[in-house]
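Working through the structure, step by step
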Amino acid sequence: MAELPSWVLKFKTKGIYVTVKKGKYYLYRGHSERIPGKKYPQLICDEYLGQVTEEDGLISSSPPVKPGIRVLEFGMSFFIYQLTYSATDVIKFYRQREDLLYVLSILSLTGQKVSQLSYEHSWLSLRFKHLTMNTPLTSNEKLTLKRITQQMEQSLKAYVGEDLPHILTLSHYLYAIWVNNGWHMSVMPGQLHDYCSRYHLFFSLGEETK
């Protein structure tokens, strides 16, 4: 990036970043995270702050809030998902209903009531679409569900140990929010940032929200 003008640099403090598009300068708050599969830490945008001009300084972003806001449970489900998705290999092997059984396991592990309502108010409904939670399971599927739920819980405990209940509690306060025709992640609790660094965890709204 070309050297920034002094009137832009004065806004660029710790944790504040600048992007340049068509000669205009935009400010946002962000942080870097290590994401599996990426060689280098990735810059994550936490909040768009506005445009900077020489005449007016920072022009804060204050878009009107449009009707239709949605808030979904996100943190707990995504935390479990990023560490246990390999459990679906067992379901694939038995040629059973992979998405349904896996979502039922996550809902159970997060302590949520297993219901259509809890599914539809979770990020899981974006990642694993069009499921019906009260679909009857075969006797073999019930056995598989019990097996993978136990395996997933063991995997979580093996990875984060005695910190598991703390991470689940903190991630409970991380939401996916639909506002102004786009999905956004709520502010991450500070302690959860610490656990992300310690265990190389990440939280990110990806392709499923587009």
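The text that follows walks through the structure, step by step, so that each part is easy to find. None of these values were measured; they are calculated from a predicted model.

1. Considering the overall build of the chain
Broken down by element type, the chain carries nine helices and seven strands. Dimensions along the principal axes, computed over C-alpha positions, put the chain at roughly 70 × 40 × 25 Å. Going through the 210 residues of the chain one by one, you find that 42% of them count as buried. Contacts spanning at least 24 positions in sequence make up 57% of the contacts within the chain whose residues lie at least 6 apart. Once the 24 positive and 19 negative side-chain charges of the chain are each reduced to a mean point, those two points are 5 Å apart.

2. Concerning the environment of Phe128
Mapped onto the fold, Phe128 is located in the loop between α6 (124-127) and α7 (139-160). Between the C-alpha atom of Phe128 and that of His193, which follows or precedes it by 65 residues, the distance is 26 Å. Excluding anything up to four places from it in sequence, Phe128 contacts Tyr81, Tyr85, Asp99, Tyr102, Val103 and Tyr119.

3. Thoughts on helix α9 (residues 190-199)
Among all positions in α9, only Leu192, Tyr195, Cys196 and Tyr199 are buried. The buried residues of α9 occupy an angular sector of 105° when the element is viewed end-on, so they sit on one face. Of the residues in α9, the exposed ones pointing more than 90 degrees away from the buried face are Ser197 and Arg198. Here the buried face of α9 lies against α7 and α8 (164-171). Looking one or two places after α9, you find His200, whose phi comes out positive at around 55°.

Rules used in this analysis
- Residues numbered from 1 in each chain as written.
- Predicted model: local features only at pLDDT ≥ 70, side-chain atom pairs only at ≥ 80, totals over all residues.
- Heavy atoms only, no water.
- Helix = DSSP H or I, 4+ residues; strand = E, 2+ residues; numbered from the N terminus.
- Buried < 20%, exposed > 50% of the residue type's maximum accessible area, 1.4 Å probe, protein only.
- Contact = heavy atoms within 4.5 Å.
- Lys, Arg positive; Asp, Glu negative; His and termini not counted.
- Charge placed at Lys NZ, Arg CZ, Asp CG, Glu CD.
- Arc of directions from axis to C-beta.

On their own, these measurements won't tell you what the molecule is for.
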